[in-house]
Amino acid sequence: MSWLKRIYTEIPSPSDSGERIDTSTVPETGVEVYAAQLKGNSDRSRMKTVAEEREQEAFAQASETLVVDGAKIQMGAHVGEFRLHANLPTVQGKHSGTILAKHSDNFIFYDGFSVIDIIGDWRDYGTCKLQDREVLLLKSSLAVQGKMPGNSPLEAGVIRFLDSGQVTIPPYIGHGEAAPLPANEPLDFDVAVEHGKADFVPLGIPDFKGNREQDKIRFNLRISGKGIDGWSLTIKNKGVILQELSSSSIAVFTSADVAQANGLLFLSKAKEEPQQQERLWAAGEYSILWDGFDADHIYNSKILTQGNGLTAYFTAWGNGKKMEVSTGEFRYSYKQVKWVDVIINRKTAKIDLFLRLNLFDAGAVGLERPYVEPNHPEVGGSKAGYPWEKIPRKKLLTLYPPIKTRTRSFDDLLLLALKGVNYHWGRNEQHSVGKNVKIGNISYGVYMQATHTGNDAMEPLGVHYTTNEKWRRSSNPGAITEDPLTAEFNSRMKNVLCYNVGYIHYSFGWAYQNGYDEDLKFMELAAHEVGHEILKFYAGALYSYGHKGSSTIWSQEVKPETPNYPISGEIDTMCYYQNYIPPWEHKRSVAAENDVLGLIWLTKLKSN
């Protein structure tokens with residue numbers, strides 16, 4: 001072996017040994033050759049090291065945006081989670097996604113939407129591999145077809161990731177706060193947020209004519225500059241957090257008509273868009289949509305209409321900087337009426353209605369007070385006596401003597417009236433036949449809680465006790481509105497609930513009404529008369545006073561075409577029928593589903 005070859009093979013590289021080579025010991029004729037060999041070997045080593053570093057850096061950057069089990073996904077208006085079931089390597093303890101994850105059970109949507117067919121392969125996946133398969137990144141997408149349960153039409157669209165599913169997300173993909181930059185680094189974006197002043201109806205319940213109502217509270221967002229990496233919106237009431245929305249969990253919609261949940265509605269790009277858009281949330285205008293429900297899935301109209309109002313705090317971050325703005329305090333008030341509140345629990349599918357009534361004692365007739373009957377034929381003048389003495393003896397029943405003292409106090413009748421409104425305007429498992437209302441695809445149990453108060457209540461409604469006298473008719477024209485029909489009715493009728501018990505003189509003559517049956521009739525009657533005010537503000541005076549088309553307006557007589565009450569199922573508490581409804585059938589009397597939905601619609605809010 002030549003001395004030069006021996007030196008090349010036996011002497012370690014400086015990069016390996018860290019020792020300096022004394023070239024003076026090498027024969028002069030071989031120094032230049034050795035130095036050239038040594039320099040080339042060192043360069044190759046450095047090139048190899050740089051390449052490895054770059055590869056590691058690329059993999060590290062890719063791994064930061066790797067999609068893992070539990071990542072949020074969206075397809076059109078449907079939002080859900082990415083699920084992995086294979087034994088794959090993990091990131092932060094979660095399985096990492098690869099291009100093999102393209103089965104229907106990899107995509108779980110919260111609203112029941114199911115993937116039926118995969119169209120093609122994943123797009124925009126990473127170059128790194130796990131188990132010899134390319135990894136999925138935040139920007140990856142997959143075309144699919146699917147449908148909602150039932151006879152829903154087939155939908156085609158693209159599944160995209162809303163977040164990577166990782167616990168700590170690097171700032172450049174738009175979730176979480178960025179690492180701080182030097183203090184002298186300028187802020188290259190700006191944001192402004194304001195409360196969108198518009199009417200709002202919980203769950204978007206339509207009006208009487210079927211017109212769709214706004215079911216989201218909007219916050220108008222304007223982003224300028226180079227855009228932002230991510231954002232969060234916190235809505236508070238008296239310092240208490242009601243709801244938090246963020247770019248990591250929110251769905252993005254292109255039309256408010258398909259926004260089925262909290263989300264962000266893209267409106268328009270900035271007129272002067274930056275030449276290089278570096279971030280996910282570009283400069284432009286957006287609307288953040290909030291359905292009014294808190295973090296526990298409860299909507300409470302009292303919170304939005306009472307107290308100190310609400311404030312929304314918006315935080316945006318980008319380029320390592322953070323900016324915070326707020327809407328300032330905003331309030332709502334009821335637009336239609338002020339005498340009903342609503343609480344909706346979406347988890348338990350329960351709706352509680354709080355109706356405020358103002359009942360007063362309108363007195364009693366036919367009791368122990370003497371009466372004077374003028375021009376009595378037997379005496380040729382006035383005759384004094386007691387009311388029950390007017391009852392023909394042949395109409396008196398042995399077991400049922402005339403009532404001479406009240407059998408029901410005002411407080412008793414007050415409780416009966418409230419109980420009747422609660423039962424007949426409630427649609428839940430406690431009712432005989434009216435079990436729920438359906439809003440969208442969800443059946444809600446509706447529970448009425450009527451109370452007696454003078455604050456923010458319906459027009460005062462008297463409660464009258466009658467016995468040993470002519471039958472007295474109940475009526476409730478209610479408040480006078482812009483409709484002239486309401487003023488005319490108020491000039492002809494009183495707001496009064498009449499309890500007729502004992503011997504009563506009807507149009508066909510004297511008859512005895514027992515207390516148990518009258519209690520049942522009175523409870524249903526209270527629900528009916530209170531219902532007139534509800535229908536009037538929901539659908540109009542004509543609809544209310546005409547008993548939904550079953551009676552004439554002025555004479556209040558049953559129309560010839562009006563049918564008998566149904567022999568089974570629900571009996572509409574707001575309709576007249578051809579035949580008499582016996583007391584025991586009133587348990588089937590219930591406010592119709594549309595009328596109960598109308599009462600919920602009356603909690604419509606307007607922005608102050």
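One numbering rule holds for all chains: residues counted from 1, following each sequence as written. In keeping with the predicted nature of the model, local features appear solely for residues at pLDDT of at least 70, side-chain atom pairs appear and are counted solely at 80 or more, and the whole-chain, interface and lining totals rest on all residues. With hydrogens and water stripped out, all remaining heavy atoms of the structure feed into the side-chain values.

Student: When you look at helix 6 (residues 484-492) in this model, what are you seeing that I'm missing?
Tutor: Within helix 6 the residues assigned to the buried category are Leu485, Thr486 and Phe489. Along helix 6, the residues classed as buried sweep out an arc of 100 degrees about the axis, all on the same side. With respect to the buried face of helix 6, the exposed residues turned more than 90 degrees away are Pro484 and Ser491. Check the buried side of helix 6 and you find it contacts helix 7 (515-539) and helix 8 (541-545). Its side-chain oxygen 2.9 Å from the backbone nitrogen of Leu485, Asp483 forms the N-cap of helix 6. Here's how the labels work: a residue is buried when its accessible area is under 20% of the maximum for its type, exposed when over 50%, partly exposed in between, all with a 1.4 Å probe on protein chains only. The secondary structure listing takes helices from DSSP runs of H or I that are at least 4 residues long and strands from runs of E that are at least 2 residues long, numbered from the N terminus. Within this analysis, the arc is defined by the directions that extend from the helix axis to the C-beta atoms. Any pair of residues with heavy atoms lying within 4.5 Å of one another is described as a contacting pair. Polar contacts, as counted here, are pairs of nitrogen or oxygen atoms within 3.5 Å of one another; within protein the pair requires one atom able to donate a hydrogen and one able to accept it, and residues that are adjacent in sequence qualify only if both atoms are side-chain atoms.

Student: What exactly am I supposed to notice about the sheet that holds strand 2 (residues 78-82) here?
Tutor: Each strand in a sheet pairs with its neighbour through backbone hydrogen bonds, running either in the same direction (parallel) or in the opposite one (antiparallel). Strand pairing is assigned whenever DSSP identifies at least 2 bridges connecting the two strands. Here 6 strands make up an open sheet; going across it, the order is 5-2-1-10-9-6 and the pairing antiparallel. Taken across any chain shown, the strands that pair with only one partner, and hence form the sheet edges, are strand 5 (107-109) and strand 6 (114-123). The sheet shows a mean angle of 35 degrees between the axes of neighbouring strands, taken without regard to direction. Axis angles are defined between N-to-C directions and span 0 to 180 degrees, where every axis is a line fitted to C-alpha atoms and, for a helix, only to the segment in contact.

Student: Mind showing me how you'd approach the packing of aromatic side chains here?
Tutor: Two aromatic rings, taken as a pair, are described by how far apart their centres are and by the angle between their planes. In summary, the pairing rule links any two rings of Phe, Tyr or Trp, Trp by its six-membered ring, whose centres are within 6.5 Å, and it sorts them by plane angle into stacked for under 30 degrees, edge-to-face for over 60 and tilted for everything else. The final tally for this structure, using the stated rule, is 25 aromatic pairs. Ring centres of Tyr386 and Trp388 lie 5.0 Å apart, and the angle between their planes is 10 degrees; on these two criteria the pair is classed as stacked. Through a chain of ring-to-ring contacts, three or more aromatic side chains come together here, namely Phe82, Phe107, Trp122 and Phe161. Consider the ring centre and the ring normal. A charge sits over the ring if Lys NZ or Arg CZ is within 6 Å of that centre and within 35 degrees of that normal. Directly above the ring of Tyr313 sits Lys236, whose terminal nitrogen or CZ lies 5.3 Å from the centroid. Across from the ring centre of Phe293, 3.9 Å away, lies the NZ or CZ of Arg346, which sits over that ring.

Student: Quick question: what am I supposed to make of the packing of helix 5 (residues 410-424) against helix 7 here?
Tutor: Between two packed helices, what matters for the description is the angle formed by their axes and the separation of those axes. Packing of helix 5 against helix 7 leaves a shortest axis separation of 7 Å and a crossing angle of 65 degrees. On the basis of the axis angle, helix 5 is roughly perpendicular to helix 7. The hand of the helix 5/helix 7 crossing is right-handed. Within the contact between the two elements, helix 5 uses Leu413, Leu416, Ala417, Lys419, Gly420, Val421 and His424 and helix 7 uses Asp519, Phe522, Met523, Glu524, Ala526, Ala527 and Val530. Across the contact of helix 5 with helix 7, the residue classes break down as 9 nonpolar, 2 polar and 3 charged. Roughly parallel refers to an angle under 35 degrees, roughly antiparallel to one over 145, roughly perpendicular to one between 65 and 115, and oblique to any angle outside these ranges. Throughout, a crossing is termed right-handed when the near helix is turned clockwise from the far one, and left-handed when it is turned anticlockwise from it by less than a right angle. Here the nonpolar group is Ala, Val, Leu, Ile, Met, Phe, Trp, Tyr, Cys and Pro; Asp, Glu, Lys and Arg are the charged ones; every other residue, Gly included, is treated as polar.

Purely geometric numbers; function is a separate question.
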